[in-house]
Amino acid sequence: MTDVILSVAGITKTFPGVRALADVSFDVRAGEVHALMGENGAGKSTLMKVLAGLYKPDAGTITLRDEPVTITSPLVAREKGILLIHQELSLSPELSVAENIYLGAWPTNALGMLNKRKLRADAKAALDALGCDFGPDVRVGTLSIARQQMVEIARAQAFNADVVIFDEPTASLTDGERRQLFATIARLKSAGVGIVYISHKMDEIFEITDRITVLRDGQVQGTRITADTDLAGITRMMIGRDLASYFHRAREDFRDEVLRVEGLTHASLFSGVDLSVRAGEVLGLYGLVGAGRSELVETIFGLRHADAGRLIWKGQEIPFPTPRQAVDLGMALVPESRKEQGLVLGMGGRENVTLPHLAMFSSAGVMDRGREREVFDTYRDILDIKTTGPEQPVEKLSGGNQQKFVLAKWLCAAPSLIILDEPTRGIDVGSKSAIHELIAKLAEDGLAVIVISSEMPEVLGVSHRILTMTEGRISGSFTGDGMTEQALIDAVSQPANRAVQEDIA
Amino acid sequence: MTIDWQQALRRHGLIAAFGLFLAAVAVGAEGFLTLGNILDVLRQVSITGTIALGVTFVVVTGRLDLSVGSMLTLLTVIVVDQHNAVGPFGAIALTLLAGLGIGAVNGVLVGLFRLNALIVTLAMLSLLQGVTLWYSGGSNVNVAGAGETWFAVFGRGSLLGVPVPVLIFLGGAVVASFFLKRTTFGRAVHAVGGNETASRFSGIATARTVAAAYVVSGLATAIAAIIMGSRVMGAQNTIGQGYELTVLAGIILGGTSLMGGSGSIWRTVIGITMLGFIQNGLLLLGFEYYVQWLVSWVVIIAAVWLDLAAKRGRVLA
């Protein structure tokens, strides 16, 4: 077939004790967006790293434009025309856009000196072709994440890449930025570039991809034409069974108010925020990235200083706590980034679970390992965590299992309020569903729950009540039938549009 | 089952190299593996070792303490000088207080003010050199009536044939290991070194934990200074010079990572003791005294390299 631009056949990659990829074959056509899906640990990132030259496969062939290629390093991959756009961008913030686009391949003149004029002109051409709204001389560190991503994509343009691999490209983009990214992908597509698209977000997959290949346990489960399949079909391929129902909302049984904040203000991040949550209630907090949601809950938890506002805990006004006091009051915060904020990756499950409660699991300052192990066993069973034992470093676990340990470390002290910031970001469908079930169960057990999410189906699916947040302010409050996608979109987008218009003016 | 030689080499390479070295020295130098020589080596490492017990706490938080060399000098001068002024009890008490105080200053600057540990403790190294000269007026101090004081027991005494400094070092190791491994403080030290942000999000008082680690380092150095003063019965203004690097070399050699979060007291004991045997072996083989500085350098570079190699999964970048 002539329009196949990249094909891999029989790729196998084994790490000590794990077969990460077993006889994987798939192909990408010119002008196609090909989704690569699978739960965490299914082998997507290993396959991607093989294609980008970061791993050497044990067996198998890679064919690019009908020629077999051996990719030994990311530089070779780029020369051959394969470009990987990482989830964490790989740019040098102190260099200019042009210097970053041609990083490591700067044009030189006869004396071996940097040819700045050519560098600038070439970079500008690449940026223009993508319709970027910034020039080649800007320092990359001053650009937003979305624009930095455009710089990476401009590399694809500049090096005439045949294949561009996107790894979770929308993880930290706002809705508008996501639209722009999709437009850029469409542009690359019409230029005949083959695109591999990796994402956990089902709505995106169905919106922009042409075909879907599903991996499970390092093996290809099959390739489907996107238009001929549906969510249930793909999910079944990914987890190997039917998923009973995607969301679980807790029974409504609200009791006393647990937390109320009034007029909470942080000079540069948010202002005049009022919210309250009752025992048994799931309060959704929806807003785009950068709206101040995480900063708000971090302030409530004592990780940031509030400039103004009142905090009422179980009916009594209290001073703003330190994190230690917040934990002792009965607050729990499952943070946005489980690797940076949630876990000590080198520690085992046992030590991570008891970390916020050292006093509780010790007497006279000496840790009680027996009780630590008991609580570890209890929560491993309750949350069905896959781990080899209490001492296995949590960095060895999949994202879903890591997240369950973050939940365990807070649940084991029976908090009154649990705040979950993006509780299912970057984790697989099976674990997602388990966490949604757990949220409902916690509320039914009488906890007050605040769920922050930028995934609309999630926030609509689990919440009893939703507050929207826009540019540091609460911009809407919705309950019952008023909680619709359209209502949330309207609430978060209006002030943002106004801001854009002001920018232009 | 096949053996992954590369991994085995990374994990046990230093121990294996050390074993080969011991065997070579035992063949080449008479009297190396005798009880007398082994006790000698242990006595020699007891001072660096005692300091290293405290510095291990700092290293596990992911930080360094380079001030211990001149801290040792100053504290030894203090304990010797005050022995003449207020007697052994008072001198010991003052030395311990001074060690705790200097550790607290480092701790406040690094922990609470969040200044760079390398700079803070390097500056302290320099400051304490100055303070030592100011205190001593530039002259050496000696214990008056060295023959009569019970103060000699810490450096020169022995119990059932085992030198007292060795007992202090190993006893200190038991206590330090208990604190680092079994207490809430030790757990916090590990957590801060492993992931400071996650520790803060878990309600750990990270600043206080770091500060306390420096106080432990100061206390350990004070105890080492008491041993040193007692052994030498005097102090020159350069007596602790270079100890900071020897201590660090021993800790790294034991396998405690400079990146923080992992490490143990027993690793430090093993590392420091190995270093002692290497230096002693070289001396017995006829190398000059100053070869030990070269050895420290080789050990630090090799150990840091292997540590990094284990992290990134290959030996070369």
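Participant: What is the right way to look at the interface of chain B and chain A in this model?
Facilitator: For interface size, the figure often reported is the accessible area lost on association. The interface is formed by 19 residues belonging to chain B together with 29 residues belonging to chain A. Of the roughly 1,900 Å² buried between chain B and chain A, counting both surfaces, carbon and sulfur atoms make up 60%. At the junction of chain B and chain A, the tally comes to two salt bridges. Close ionic contact of Arg187(B) with Glu351(A) constitutes a salt bridge, the shortest N to O distance being 3.2 Å. Taken together, the connections running from chain B to chain A amount to nine residue pairs in polar contact (both at pLDDT 80 or more).

Participant: When you look at the sheet that holds strand 11 (residues 257-266) of chain A in this model, what are you seeing that I'm missing?
Facilitator: Sheet strands pair via backbone hydrogen bonds, and the direction of the pair is either parallel or antiparallel. Residue and element names in this part refer to chain A. Pairing within the open sheet is antiparallel, and its four strands lie in the order 12-11-14-15. Taken across any chain shown, the strands that pair with only one partner, and hence form the sheet edges, are strand 12 (270-278) and strand 15 (316-318). If you compare each strand with its neighbour and ignore which way they point, the axes differ by 20° on average.

Participant: Is there a simple way to explain the packing of helix 6 (residues 164-182) of chain B against helix 7 (residues 184-194) of chain B in this structure?
Facilitator: If you want to describe how two helices pack, look at the angle between their axes and the distance between the axes. Residues and elements named next belong to chain B. Running from amino to carboxyl end, helix 6 crosses helix 7 at an angle of 65°, the nearest separation of the two axes being 5 Å. If you check the angle between helix 6 and helix 7, you find them roughly perpendicular. Along its contact with helix 6, which presents Phe179, Leu180 and Arg182, the element helix 7 presents Thr184, Gly186, Arg187, Val189 and His190. Residue composition of the contact of helix 6 with helix 7, by class: three nonpolar, three polar and two charged.

Participant: Explanation requested: the pattern of salt bridges in the structure shown.
Facilitator: It is possible for side chains bearing opposite charge to pair when their charged atoms get close. All names here are of chain A. Enumeration over the complete set of coordinates arrives at 38 salt bridges over all chains. In this structure, Arg293 engages Glu422 in a salt bridge whose closest nitrogen and oxygen atoms are separated by 3.3 Å. Of this pair, Arg293 sits in helix 9 (residues 293-300) while Glu422 sits in the loop between strand 19 (417-421) and helix 15 (429-444), and the two are 129 residues apart along the sequence. Glu422 matches Arg293 in its accessibility class, with the two residues each being buried. Between Glu351 and Arg350 there is a salt bridge, with the nearest N and O atoms lying 3.8 Å from each other. Residues joined by salt bridges that share partners form a network here, namely Glu257, Arg260, Glu262, Arg310 and Glu317.

The rules we used
- Residues numbered from 1 in each chain as written.
- Chains lettered and ligands numbered in written order.
- Predicted model: local features only at pLDDT ≥ 70, side-chain atom pairs only at ≥ 80, totals over all residues.
- Heavy atoms only, no water.
- Contact = heavy atoms within 4.5 Å.
- Buried area = accessible area lost by both parts, 1.4 Å probe.
- Salt bridge = Lys/Arg side-chain N within 4 Å of Asp/Glu carboxyl O.
- Polar contact = N/O pair within 3.5 Å; in protein donor to acceptor, adjacent residues only side chain to side chain.
- Pairing = 2+ DSSP bridges.
- Helix = DSSP H or I, 4+ residues; strand = E, 2+ residues; numbered from the N terminus.
- Axes fitted to C-alpha atoms, helices over the stretch in contact; angles between N-to-C directions.
- Parallel < 35°, antiparallel > 145°, perpendicular 65-115°, else oblique.
- Nonpolar A, V, L, I, M, F, W, Y, C, P; charged D, E, K, R; others polar.
- Buried < 20%, exposed > 50% of the residue type's maximum accessible area, 1.4 Å probe, protein only.

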